[in-house]
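Observations on the three-dimensional arrangement
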Amino acid sequence: MLKKLPLLAGLLLSLTARADTFVLPPPDEDLVGRVTVAKVEEGDTLLDIARRFDLGQNEIRLANPGLSRWAPPPGAEVVIPKRFILPDAPRRGIVLNVPEMRLYYFPRPRPGELPQVVTHPVSIGRMDWSTPIGTTRVVAKVKDPVWRPPESIKKEHAEKGDPLPDVVPAGPDNPLGRYAMRLGIPGYLIHSTNKPLGIGMRVTHGCVRMYPEDIERLFPEVPVGTPVTLVNQPVKVGWLAGALYIEVHPPLEEADNSYDALLEQALALIARKTQGLKVRIDGAALRTALEERRGIPVRISRDGISPPLLTATKD
């Protein structure tokens, strides 16, 4: 029995390290993960808990609107929103849902492996430096990158009295961190950061930032040439075990944030997901999800039903 303990400990550590890797559901289902609860430990901020569970700042705050960001009371329960509806996009390569501030990576399964999805929180561009929407690829990968600030960013810093050098060498002061993946859209990267508190917020000049530990894990797994799809989906709708769910995030500030605009999106998505089926929608649950925008999947169908079988997309 004692000889098995190291093996068990190693297995538990492995499961913890891969807590954000999920078996990919079949094409007719869309949800992965689950919502859990954690307790505030002495000295914790909400952001400490977010990083511990690989969540972004906005995610954990939206899920726990009544808790202080900087001084939640010890022993208080914190909702850990780790259930996700997969974005409405091809399940291959990297998919980034910009308003959700979350990245999904669909690696090619090795022989004998089940298909998986890996997901991590990210930071995106500020309103005046928006992260682009569209399709591209990873065209280069660099470890310990050197940063050469573009003239537009140098000008912005100079106007604030914080001039930047022409070249920022690799090291702890480099805002790109230790790992960077260059996209086919000129000037845009997925990279690490020396300011992890900003993960899950709109704080960049358009690039996509990740927690250092997340991109350290992802960097060797993503080959050059990997497709990258950037989408704008504040509302997602999906199936799980015959039930229909909706997940709503606050739209980007420059978009129409009104309830009516979100309702229109939701109804269009519901119609697409339920075509040919008679599904009774829980209007109260739908309204609450659209009003609260907590980023947690909410069941909106009253009855269980078998969704139509979809055909898997081949690479």
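Residues numbered from 1 in each chain as written. Predicted model: local features only at pLDDT ≥ 70, side-chain atom pairs only at ≥ 80, totals over all residues. Heavy atoms only, no water.

Under the annotation held in an unreviewed UniProt entry, the protein carries the name L,D-transpeptidase ErfK/SrfK and is attributed to Methylomarinovum caldicuralii. Regarding the protein, the relevant UniProt record gives this comment under Sequence similarities (unreviewed entry): "Belongs to the YkuD family." The UniProt entry for the protein carries this comment under Pathway (unreviewed entry): "Cell wall biogenesis; peptidoglycan biosynthesis." (UniProt positions renumbered as here; feature names shortened; annotations may be inferred.)

Bringing the sheet that holds strand E14 (residues 235-240) into the picture now. Sheet architecture is open: three strands sit in the order E14-E15-E16, paired in antiparallel fashion. Edge positions in the open sheet fall to E14 and strand E16 (298-299), since each of these has one partner strand only. Both strand E15 (residues 243-248) and E16 contribute to a ladder of two bridges, which runs antiparallel. By the bridge assignment, Tyr245 is partnered in E16 with Arg299. (Pairing = 2+ DSSP bridges. Helix = DSSP H or I, 4+ residues; strand = E, 2+ residues; numbered from the N terminus.)

Moving on, we come to the nonpolar core. Ranked by internal contacts, the top residues of the largest apolar core, which has 23 residues, are Ile94, Leu103, Val122, Met181 and Ile190. Mapped by element, the contributors of at least two residues to this core are strand E4 (93-97), strand E5 (102-106), strand E9 (179-183), helix H5 (212-218) and strand E13 (227-231). If near-sequence neighbours (up to four positions away) are discounted, Val122 is found in contact with Leu96, Met101, Arg102, Leu103, Ile199, Gly200, Met201, Val208, Arg209 and Met210. Ranked by size, the runner-up nonpolar core spans 15 residues in total, among them Leu244, Ile270, Ala289 and Ile300. (Core = buried A, V, L, I, M, F, W, Y, C linked by side-chain atoms within 4.5 Å. Buried < 20%, exposed > 50% of the residue type's maximum accessible area, 1.4 Å probe, protein only. Contact = heavy atoms within 4.5 Å.)

Turning our eyes to something else, we now look at the side chain of Arg202. Along the chain, Arg202 falls in strand E11 (residues 202-204). Arg202 sits in the buried class, given a relative accessible area of 15%. Only 2.9 Å separates the side chain of Arg202 from the backbone oxygen of Gly125, close enough to count as a polar contact. Here Arg202 is in contact with Met101, Ile124, Gly125, Arg126, Met127, Ser130, Leu252, Glu253 and Glu254, once residues within four sequence places are set aside. (Polar contact = N/O pair within 3.5 Å; in protein donor to acceptor, adjacent residues only side chain to side chain.)

The nine strands are arranged E1-E6-E5-E4-E13-E8-E9-E10-E12 in an open sheet whose pairing can be described as mixed. Unpaired on one side and paired on the other, strand E1 (21-23) and strand E12 (208-209) mark the two borders of the sheet.

Turning our eyes to something else, we now look at the environment of Tyr259. Checked against the element boundaries, Tyr259 lands in helix H6 (residues 259-273). With 28 residues separating them along the chain, Tyr259 and Arg287 place their C-alpha atoms 9.0 Å apart.

Attention now moves to H6. Counted at 1.5 Å a residue, the expected span for H6 with its 15 residues is 21 Å, and the 21 Å between its end C-alpha atoms agrees. If you check which residues of H6 are buried, you get Ala261, Leu262, Ala266, Leu269 and Ile270. Down the axis of H6, the buried set is contained in an arc of 165°. They therefore lie on one face. Within H6, the exposed residues directed more than 90 degrees away from the buried face are Asp260 and Glu264. (Expected span 1.5 Å × (residues − 1). Arc of directions from axis to C-beta.)

On inspection of all chains with the given rule, the structure shows two aromatic pairs. With centroids separated by 4.9 Å and ring planes inclined at 50°, the aromatic side chains of Tyr179 and Phe219 adopt a geometry described as tilted. Linking Tyr179 in strand E9 with Phe219 in the loop between H5 and E13, this pair joins segments that are 40 residues apart in sequence. Here Tyr179 matches Phe219 in class, with each residue buried. (Phe/Tyr/Trp six-rings, centres within 6.5 Å; stacked < 30°, edge-to-face > 60°.)

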